[in-house]
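Single-letter residue listing:
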Amino acid sequence: MFEDKTLTCKDCGNDFVFTAGEQEFYAEKGFVNEPQRCKDCRDKRKAAARAPRELHDAVCANCGAGCKVPFVPNGDRPVYCSECFAAMKD
């Protein structure tokens, strides 16, 4: 029913393939428009739209090393560096 189509990205101008599987997915989701951008350009737009994370300084409650965390440590719970946190999960 669906066949691969070659489309041109409106941002970079490169050709990309809109596969039959992608077309089927679009139809199942009720999307009526074909994609206008290649995967690389879509990914770049998504990354640009996301707000950069603000990191805050903290001290690991386990090893005492300085670290950065994506939340404001308020002192009511311990904060762990990524190495100690990963070791606790195992």
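Residues numbered from 1 in each chain as written. Predicted model: local features only at pLDDT ≥ 70, side-chain atom pairs only at ≥ 80, totals over all residues. Heavy atoms only, no water.

(A) Fine view of the environment of Thr19. Looking at where Thr19 falls in the secondary structure, it is placed in the loop between strand E2 (15–18) and helix H1 (20–29). Between the C-alpha atoms of Thr19 and Lys5, which are 14 residues apart in sequence, the distance is 6.3 Å. (Helix = DSSP H or I, 4+ residues; strand = E, 2+ residues; numbered from the N terminus.)

(B) Just the packing of aromatic side chains, in detail. Enumeration over the complete set of coordinates arrives at 3 aromatic pairs. Arranged with centres 6.5 Å apart and planes meeting at 65°, the rings of Phe25 and Tyr26 form a pair that is edge-to-face. (Phe/Tyr/Trp six-rings, centres within 6.5 Å; stacked < 30°, edge-to-face > 60°.)

(C) Up close: the pattern of salt bridges. Under the defined criterion, the tally for this structure stands at 4 salt bridges. Across the pair Asp11 and Arg37 runs a salt bridge, and its minimum N-O distance is 2.8 Å. With Asp11 in the loop between strand E1 (5–8) and E2 and Arg37 in the loop between H1 and helix H2 (39–49), the pair connects residues that are 26 residues apart, well separated along the chain. Residue class for Asp11 comes out partly exposed when judged on its relative accessible area of 43%. A relative accessible area of 15% means that Arg37 is categorised as buried. Residue Lys68 is joined to Asp57 by a salt bridge in which the shortest nitrogen-to-oxygen separation is 2.8 Å. Taken together, the residues span a long stretch of sequence, with Lys68 in strand E4 (residues 66–69) and Asp57 in strand E3 (residues 56–59) at a distance of 11 residues. (Salt bridge = Lys/Arg side-chain N within 4 Å of Asp/Glu carboxyl O. Buried < 20%, exposed > 50% of the residue type's maximum accessible area, 1.4 Å probe, protein only.)

(D) Just the pairing of E4, in detail. Only one face of E4 is buried, namely the one carrying Cys67 and Val69, since none of Gly66 and Lys68 on the opposite face is buried. In terms of strand pairing, E3 meets E4 through 4 bridges, oriented antiparallel. Residue pairing across strands places Val59 opposite Gly66, the latter belonging to E4. The turn joining E3 and E4, which pair antiparallel and follow one another in sequence, is formed by 6 residues; a positive phi near 80° is taken by Gly64. (Pairing = 2+ DSSP bridges.)

(E) The arrangement of the environment of Ala51 in detail. Mapping Ala51 onto the fold places it in the loop between H2 and E3. For the pair Ala51 and Cys9, spaced 42 residues apart in sequence, the C-alpha to C-alpha distance is 25 Å.

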